[in-house]
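Working through the structure, step by step
Here is how the chains run, residue by residue.
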Amino acid sequence: MQKSNFFKGLMACTAMVAVSESALASEWGSFDGVTIEAKLIGGQQYEGLYGRIADWEAATGAKVDIISKKSHFEIDKEIKSDMAAGTTDWCVGSNHSSFAPQYEGLYTDLNDLVPADVVAEFVQGNIGASTVGGELLMLPRAQFDVSVLYYLKSNYEDADKTAAFKAEYGYDLAVPETWEQVKDQSIFFADPPNFYGTQYAGKDEAIVGRFYEMVVAEGGNYLDETKKPIFNSDAGQRALQWFVDLYEAKAVPAGTTSYVWDDLGQGFASGTVALNLDWPGWAGFFNDPESSKAAGNVGVAVQPMGSVTRTGWSGHHGFSVTNDCANKEAAVSLVNFLTSEDSQLAESAGGSLPTRSAVWEANVAAAKAGDDAFRAEALAAFAEGAKYAFAVPPIPEWGESTNIVFPELQAAIVGDKTVKEALDDAAEAVDELMRESGYY
Amino acid sequence: MTRRRLPEWFVLLLPAIIVIAAVVLIPLLFSLYSSFTPYKLTRPSTLWKWVGTYNYEKILSDAKFWAAFGRTVLFLTIVLNLELLFGLGIALMMNKVTWGQRTLRTILMFPMMFSPILVGFQFKFIFNDNIGLVNNVLQSMGFNVALPWLVDAKLAMFSIMFAEIWMSTSVFAILILAGLFAMPRDPLEAAKVDGCTPWQSFRHITLPFLMPFIYIAMTIRSLDVARAYDIVQIMTGGGPARRTELLWTLMSRTGYVDARMGLANAMGYVSILLSILFTIYFFRKLSAARAELGMAG
Amino acid sequence: MDRNQSHRNRRRVLKTLHFTALFLTMMIICIPGLWIVLNSFRPTVEIMAKPPVWVPSFTLDHYRAMFAGAGEGGVPVFSYFRNSLIVSVTSTLIAILIGMSGGYAFARYRFKGKNGYFVGLMLFRAVPGVALSLPLFIVFAKVGIIDTHFGLILAYVAMNVPFTIWLTDGFFRQIPKELHEAAEIDGCTRWQAFWQVEFPVARSGVASAAIFAFLTSWNEFALASQLTRSVGSKTMPVGLLDFTAEFTINWGGMCALAVLMIVPALILTFIVQKHLIAGLTFGGVKG
C-alpha cells in the first residue's frame, strides 16, 4: 500500500516534469523510442479515429503497438481475463462508462495526470459518468450514446390516417410527445407481420437499460442510495407494463425479445417500423439509400416523456491508462491526443456524438449552416436529448444485475409471469446480489 | 551399468501425455481449485479465499441451474438421436445412388466446413422473424404470419436444435456411409434368395453390421457436443426468459459477464461430468458392438 | 403379366420417392450455406429488405470493402487467413505425429492399465472448450504464450491428439504383426519398418484423422477467441466478430469473410474425401 502510494507520488512528479518539458518540445510531448501497447475496441464505427494515431507517433517519436482489437463485449472479456492472469502491463485501453466500475484497480486516476483545465473542457455529465469513487478512470472520446426517437415521416402526412387516428383516440396524430402516445400510435400503425408500430431491445443489458429509463421516466429508480433494488415499485410496474402491452397488442415484432441493437437498426432500416428509439450511430445509416429503405423518410425527434420526465439511458466510450503502465506520461499523452478537440471534430464528423462542449457547439453550428437538413435535425434532437442523459449506477455489480433482471423482464413480456411477479423475483435476486457484495 | 530405461510404449505415449497434461490437465486442476473459492476475475485476490463447497451448494440448490441442466440433457438426447436417424436415412439413400456420388458426398460434407459460430450467425438471420429467410418464404407462399422462431419456447428450442442438427448430421451420415461401403454383399444376397423382405434384411443384417459405426459416430459427437455452445450463444444467448438456457450459456455468462469464475467453474465441472458420462456410455456400447462383430465375423 | 406391371409401377414410385427425398435433403443441406454465399454478393439494403427481394442483384462491394483499409470497413483478411493456415496446418501435422506414435503404442504393446490410459485420453477431449478457455488462458498467460501462434497450435494439438490416437490405433491393429517382423528380419530397424511397411498401409486412416483435425482447428472459436488478441494471431473465426460493433452487425461483410473461410476447407475435403471414407471404415471399427 505504502509502496504504491510512493509510486503514485513519484509518477505524479514525473508527470509534472514531463508536462512542463513537453510544453517546450511539442504539444504532445516527446517520447522517442517509447512503445505504447494499446487494446482498442474494433469495428467500423470506432476505427476511423485510429488513423490519427500516426500523427501522434510523428509528433512524439513514440510508437503505438495495438496488441488487441476486438468488439465491445469481446474486449471486455479479454480485459477481465487479463486482470485474472495479472497480465496488465499494457498501457492504454478502450473503456466504456458502463463497464468502467468493474475494472477495480486496473486503471489509474487521470485526475492526477491530466490538467484540470483540460478535464473542464469536456461535457461535465460525461466526466461524471467516467468517474468512479472520485477517480477519473477514462477520458471520453467522441462516442457518446443517448437515444432519441426516429420515425417514418410519411405516417404523419397521410390525411386518412390522421382522421382515423383522431376518431379512434380523440387527439391529433402528431410525432409523439409521451410514451403513452407512442403506445397508442404503435398499436394504431401496426399491421403485423408487414408493418410494426415500434420495437425494443429484448435481451441482455439492452432491455434492462431500456426498462431502466422507463422507470426513471415514470418517476422511479433502479436502485436507491444504499444500492437496494427498488425497480419493483409502482413506477417500475408501470414501466414494464408498457413493454408488455405493446407485445400483447402485437405492435412490436414477435421476435423483439431476441433483438439487440443490430436487429433493431436493421428493422427500422427495412422501412417496416413506424417509431424507433435508437442510438446516434444509426442516423447516417437510416438516411442512406445504400443501406436503408427508409432513407428520405426519416424524422428525428427528442425522446418522448414518461408520466414524470424525459430520460435517456446513456453511455460513452473512452480511453484509460493502466496502473501498471511503464510510461504513463506517454500513455496519457496518447489518450489526450485521441480525445482532443481535433480528434473529436474528426470522429464526430462520422456522425457520432462528441463529449467536448466546444465540439458540440461546432457541430451544431456547422449543421445549421450546412445544406444537410437531416443532419441538422438529428443533431438538434440529440443535443436536446443529451440534456436528460443519465449513466448507469457506477458499481461493479451493474452488469451482473442486468443478467439477473433481463430474463425476468422477458418472462413478463412473453407472458410467463405477471409484471409484479417478474419484478419482485428480479428485485429479490438483485437484493441478494447486493447483500452478498456487502452494500448492506 | 545399464540405466533403467522407460518402457517403449511409454516413450511413444509420452508426447501425447505431455501435451494433454499441459493444455488440459493443469488448467483443469486450476479450475477445480478455483471452484472452491469465491474467485472473481476482476478481484484476483479472491482466489486465495477458501469457501469449501459453497459454490456447489449454491448451484445445486438453484432451480435455474437445474432447469438448464435438464434442458441440456434433453437437448443432447433429442439432437443426438435425430442426427443418428437422419444420418442413417441419408446414408441409406446415398448408398443407392449410382452416379455422381463423389459430388453428393462432398455436398453432404458441406456443413462440416462451417465454423459453429458461423452456423450461429447464419441461423440467427435465417430464423429472424422480421427479415429472416424462413418467414419471408412463408409469407411469399401466402401465409400471413411472422413466426417468432427465436422467441416462442417451442420454436426457439426447435430452431437451435435445427441448427445443431444441420451442422452435425453429416458426421453421422459419412460414418454410416463408410459402414455401408464396408459391408459384405453375400449375406444380403442370401437373404434375398431366402425370401426376406427388404425390411427384414435391413433389420437383421444391415443394422447389426452398422451398429459399431453408429456408436463411433455417437462417441465422436459426444466428445464435442459442447460445440453447440457457440451456436446457441449467438442465436439466442439462452433467452428469451431462459427458454433456451443450456449449461454452457449459463456458465459463460456467469464466468465472463458476471466475472464470477469460481461459481462458473463449479458449473463447468458439472458440465464436464455430463460430457464424460455421455462419452463413457457410448464407449461401452462401442466396445460391446465391436466384440459382437468380432464374434460374428 | 399383371403382377409384373404392378411390380414395375411400384419400383417407379419408389425410385421417384428416393429421388425426391434425396433432392430435398440436399436442398436442406445446401440452402443455408448457399444463402451465405449469395448474401456476400448482395447489397446490404437488399439482404435486409422487406418485403424480400427474390431476384438477387450482384455486387462485389462487400469483398471490396473487406480488402480496403481500416476505418473503411476493411479487415486484415490476409493476416487472418495466414494465421488460420499456419495454426491449422502445423497443429494438424503435429497432432498426427504424436497421435500416430500413441496409436502405435496402443496397438502394438501390451501394458498394464491400457484401457484406463485409453479412455482417460479420450475423456480429455470431452472437456467443453468454454469450460477450459479461462483456466487455459491463465496458465498460458503465466507462461507468456498468449497471442502467439505457438500457444494456439499447442492447444489444438491437445484437442486433436485423442481422436487421432483412436483412429490410428484401429488401423495399426489390423496390420498383421508378421509384416514388420519380416521387415526386421530383412535388416530394417523397427523405425524403418514402421515407415516402410506399416505407415503406407495406414495412410488412409491417417488422412481421415488429418481432415478431422484440420477442420476442427480451422473452425474452432471458443479457445481461439480467448488465446488470440492482435492481428498477428487472430484466426478467421475470431475475425468474423470484426464485423460486429456495439450496435451493429455488418452481415454482408461477414458473409464475404465466411466464404473465404469455407472455400479452402471445401477444396481440401473434396480432394481427400475418398480417403476419409476408407479411413473411417477400417480405423474405428475393427480395432
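Remember, it's a predicted structure, so these values are computed and weren't measured experimentally. (Residues numbered from 1 in each chain as written. Chains lettered and ligands numbered in written order. Predicted model: local features only at pLDDT ≥ 70, side-chain atom pairs only at ≥ 80, totals over all residues.)

**Comments concerning the overall build of chain B**
- A tally of helices and strands in chain B yields 12 helices and 0 strands.
- Mapped from its N terminus to its C terminus, chain B presents α and β elements in the order α-α-α-α-α-α-α-α-α-α-α-α.
- Sorting the 297 residues of chain B into buried and exposed places 52% on the buried side.
- In chain B, the proportion of contacts linking residues at least 24 apart, taken out of those at least 6 apart, comes to 67%. (Helix = DSSP H or I, 4+ residues; strand = E, 2+ residues; numbered from the N terminus. Buried ≥ 20, exposed ≤ 12 C-beta atoms within 10 Å, placed from the backbone. Contact = placed C-beta atoms within 7 Å.)

**Considerations on the confidence of the model for chain C**
- With 92% of its residues at a pLDDT of at least 70, chain C reaches an overall mean of 83.
- Among the scores for the predicted complex, ipTM is 0.84 and pTM is 0.82. (pLDDT = per-residue confidence, 0-100.)

**Details of the interface of chain C and chain B**
- The partner chain B presents 71 residues to the 68 residues of chain C that form the contact.
- Broken down by secondary-structure element, the contributors of at least two residues to the side of chain C that touches chain B are helix 1 (2-40), helix 4 (77-108), helix 5 (114-125), helix 6 (129-143), helix 7 (149-174), helix 10 (203-219) and helix 13 (251-283) of chain C.
- Per-element tally for the side of chain C that touches chain B: the top contributor is helix 13 of chain C, with 13 residues.
- The residue inventory of the side of chain C that touches chain B, partitioned by class, reads 53 nonpolar, 13 polar and 2 charged. (Nonpolar A, V, L, I, M, F, W, Y, C, P; charged D, E, K, R; others polar.)

**A look at the interface of chain B and chain A**
- Counting from both sides, the interface comprises 27 residues of chain B and, opposite them, 33 residues of chain A.
- It is helix 11 (residues 247-257) of chain B that contributes the most residues to the side of chain B that touches chain A, 3 residues altogether.
- Each residue belonging to the side of chain B that touches chain A can be placed in one class, and the counts come to 14 nonpolar, 8 polar and 5 charged.

**Topic: the pairing of strand 1 (residues 35-41) of chain A**
Residues and elements named next belong to chain A.
- With respect to burial, strand 1 is a largely interior element, 6 of its 7 residues being buried.
- As judged from the 7 bridges shared by strand 1 and strand 2 (residues 63-70), these two strands associate in the parallel manner. Of the residues in strand 2, the one forming a bridge with Thr35 is Lys63.
- Relative to strand 3 (residues 92-96), strand 1 runs parallel, the two sharing 2 bridges. Pairing of Lys39 across the sheet is with Gly93, part of strand 3. (Pairing = 2+ DSSP bridges.)

**Regarding the domain arrangement of chain C**
Residue and element names in this part refer to chain C.
- As far as domains go, chain C holds domain 1 (2-64) and domain 2 (67-283).
- A C-alpha centroid distance of 32 Å is found between domain 1 and domain 2.
- At the interface, 10 residues of domain 1 touch 9 residues of domain 2.
- Ranked by residue count, the leading element in the side of domain 1 that touches domain 2 is helix 1, at 4 residues.
- When the residues that make up the side of domain 1 that touches domain 2 are grouped by side-chain class, the tally is 4 nonpolar, 4 polar and 2 charged. (Domains from an automatic or database assignment.)

**Section: the sheet that holds strand 3 of chain A**
Residue and element names in this part refer to chain A.
- Spatial ordering of the open sheet is given by 2-1-3-11-6, a layout of 5 strands whose pairing is mixed. The sheet is open, and its two borders are formed by strand 2 and strand 6 (139-145), each paired with just one other strand. The average undirected angle you get between the axes of adjacent strands in this sheet is 25°.
- Sheet topology places strand 6 next to strand 11 (residues 315-321); 4 bridges connect them, and they run antiparallel. Note on strand 11: the bridge partner recorded for Phe144 is His316.
- The strands touched by helix 13 (residues 328-338) within the sheet are strand 1, strand 2, strand 3, strand 6 and strand 11, with strand 11 carrying the most contacts at an inclination of about 155°. (Axes fitted to C-alpha atoms, helices over the stretch in contact; angles between N-to-C directions.)

**Points about the sheet that holds strand 9 (residues 298-301) of chain A**
Residue and element names in this part refer to chain A.
- The strand order across the open sheet formed by 3 strands is 8-7-9, and the pairing between neighbours is antiparallel. Each edge of the open sheet carries a strand with a single partner, namely strand 8 (275-278) and strand 9. The sheet shows a mean angle of 30° between the axes of neighbouring strands, taken without regard to direction.
- Bridge count for strand 7 (residues 148-152) against strand 9 is 4 bridges, and the pairing is antiparallel. Along strand 9, the bridge assignment pairs Tyr150 with Val300.
- Across the sheet, helix 16 (residues 373-385) touches strand 7 and strand 9, and the angle it forms with strand 9 is around 25°.

**Considerations on the pairing of strand 3 of chain A**
All names here are of chain A.
- By the criterion of burial, strand 3 is predominantly enclosed, with 5 of the 5 residues buried.
- Side-chain alternation along strand 3 places Val92, Ser94 and His96 on one buried face and Gly93 and Asn95 on a second face that is also buried.
- With 5 bridges joining them, strand 3 and strand 11 adopt antiparallel strand pairing. Bridge pairing in strand 11 places Asn95 opposite Gly318.

**Some words on the packing of helix 7 of chain C against helix 10 of chain C**
Residue and element names in this part refer to chain C.
- Viewed as axis vectors pointing N to C, helix 7 and helix 10 meet at an angle of 160°, and their least axial separation amounts to 9 Å. If you check the angle between helix 7 and helix 10, you find them roughly antiparallel. When you trace helix 7 past helix 10, the crossing you get is right-handed. Contact with helix 7, carried on its side by Tyr156, Met159, Asn160, Phe163, Thr164, Leu167, Thr168 and Phe171, involves Gly205, Val206, Ser208, Ala209, Phe212, Ala213, Thr216 and Ser217 of helix 10 and no other residues of that element.
- Residue composition of the contact of helix 7 with helix 10, grouped by class: 9 nonpolar, 7 polar and no charged. (Parallel < 35°, antiparallel > 145°, perpendicular 65-115°, else oblique. Left-handed = near helix turned anticlockwise from the far one by under 90°.)

**Thoughts on the environment of Gly87 of chain B**
Residues and elements named next belong to chain B.
- With respect to the helices and strands, Gly87 occurs in helix 3 (residues 63-96).
- Take Gly87: there are 26 C-beta atoms within 10 Å of it, and that puts it in the buried class.
- When sequence neighbours within four positions are dropped, the list of residues in contact with Gly87 reads Thr169, Phe172, Ala173, Ile176 and Ala217.

**Here we look at unusual backbone geometry**
- Despite not being glycine, Asp204 of chain A shows a phi value in the positive range, around 55°.
- With respect to the helices and strands, the residue Asp204 of chain A is situated in helix 9 (residues 204-217).
- Take Asp204 of chain A: there are 19 C-beta atoms within 10 Å of it, and that puts it in the partly exposed class.
- Phi at Asp147 of chain C takes a positive value of approximately 60°, unusual for a residue other than glycine.
- Under the C-beta neighbour-count criterion, Asp147 of chain C is labelled partly exposed, with 19 such atoms within 10 Å.

**Side note on the environment of Gly239 of chain C**
- Mapped onto the elements, Gly239 of chain C comes out in helix 12 (residues 236-239).
- For the pair formed by Gly239 of chain C and Val77 of chain C, sequence separation is 162 residues and the distance between their alpha carbons is 8.1 Å.

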